[in-house]
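If you want the building blocks of each chain, they are given just below.
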Amino acid sequence: MLLAIGMFVFEIPNVLFDQLKRRRSWRHPTSERVGARSASQFAGVGDDNLTLTGVLAPGVIGRKDALEDLAAMADLGRSWPVVDGDGFVYGAYVILDLDETKREILDNGQARLIDFTINLQRVDDDEGDTSATGSEVRA
């Protein structure tokens, strides 16, 4: 297992990604001051976004309907826990968007390769966890 979003698992029979990008931010609003630099105050954690990119090769690596399963999860509009293969818990995320590019189209219209990008955004989970970092699952 590379990563799981809810019960959807990124693995060879399902679908793989080849890059995971995480972008986190922290809020520092400023107030203008005369004759001095703007005053800044730390206001807490900001956005925490994950971007997964990969290539699906139906029948070789992954299922052709795996991306549809992710789209169905996004259609529900709910948050999903994200955990990687090392047991690192990123937190609860919503699926913002899913991009697909079909390549090497066969004469029957099927694509041999599908490039995809999935963007996720961290949200507060039901227990009110607003921490900016994930945690390690320990046995």
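Above: the structure in question.
What counts, and where the lines are drawn
Throughout this document, residue positions are counted from 1 along each chain, in the order its sequence is written. Reporting of local features is limited, given that this is a predicted model, to residues whose pLDDT is at least 70; pairs of side-chain atoms are given and counted only at 80 or more, and all residues count toward the totals for whole chains, interfaces and linings. Each side-chain value is worked out from all heavy atoms of the structure, with water and hydrogens disregarded. A side-chain nitrogen of Lys or Arg and a carboxyl oxygen of Asp or Glu constitute a salt bridge if their distance falls within 4 Å. Here a strand is any run of E in DSSP of at least two residues, a helix any run of H or I of at least four, and the numbering for each starts at the N terminus. Relative accessible area decides the class of each residue, using a 1.4 Å probe on protein chains only: under 20% of the type maximum gives buried, over 50% gives exposed, and in between gives partly exposed. Note: the arc covers the axis-to-C-beta directions of the helix.

A. Main features of the pattern of salt bridges. Taken as a whole and assessed by the stated rule, the structure comprises six salt bridges. Taking the shortest distance from any N to any O, the salt bridge between Arg22 and Asp48 comes out at 2.7 Å. With Arg22 in strand β3 (residues 19–27) and Asp48 in strand β6 (residues 44–56), this residue pair connects regions lying 26 residues apart in the sequence. Judged by its relative accessible area of 4%, Asp48 is buried. As a salt-bridge pair, Asp65 and Arg63 come within 2.7 Å of each other at their nearest N and O atoms.

B. A look at helix α1 (residues 66–75). Among the residues making up α1, those that are buried are Ala66, Leu67, Leu70 and Met73. Projected down its long axis, α1 carries its buried residues within an arc of 115 degrees, all on one side. Gly77 sits one or two residues past α1 and shows a positive phi near 70 degrees.

C. Structural context of unusual backbone geometry. In the Ramachandran plot, Glu104 falls in the positive-phi region, its phi being about 50 degrees despite a non-glycine side chain. Residue placement: Glu104 occurs in strand β8 (residues 88–105). According to the relative accessible area criterion, Glu104 is partly exposed, its value standing at 42%.

D. Layout of the environment of Asp65. Structurally, Asp65 can be placed in the loop between β6 and α1. Distance from Asp65 to Val15, taken between C-alpha atoms, is 9.5 Å for residues 50 residues apart in sequence.

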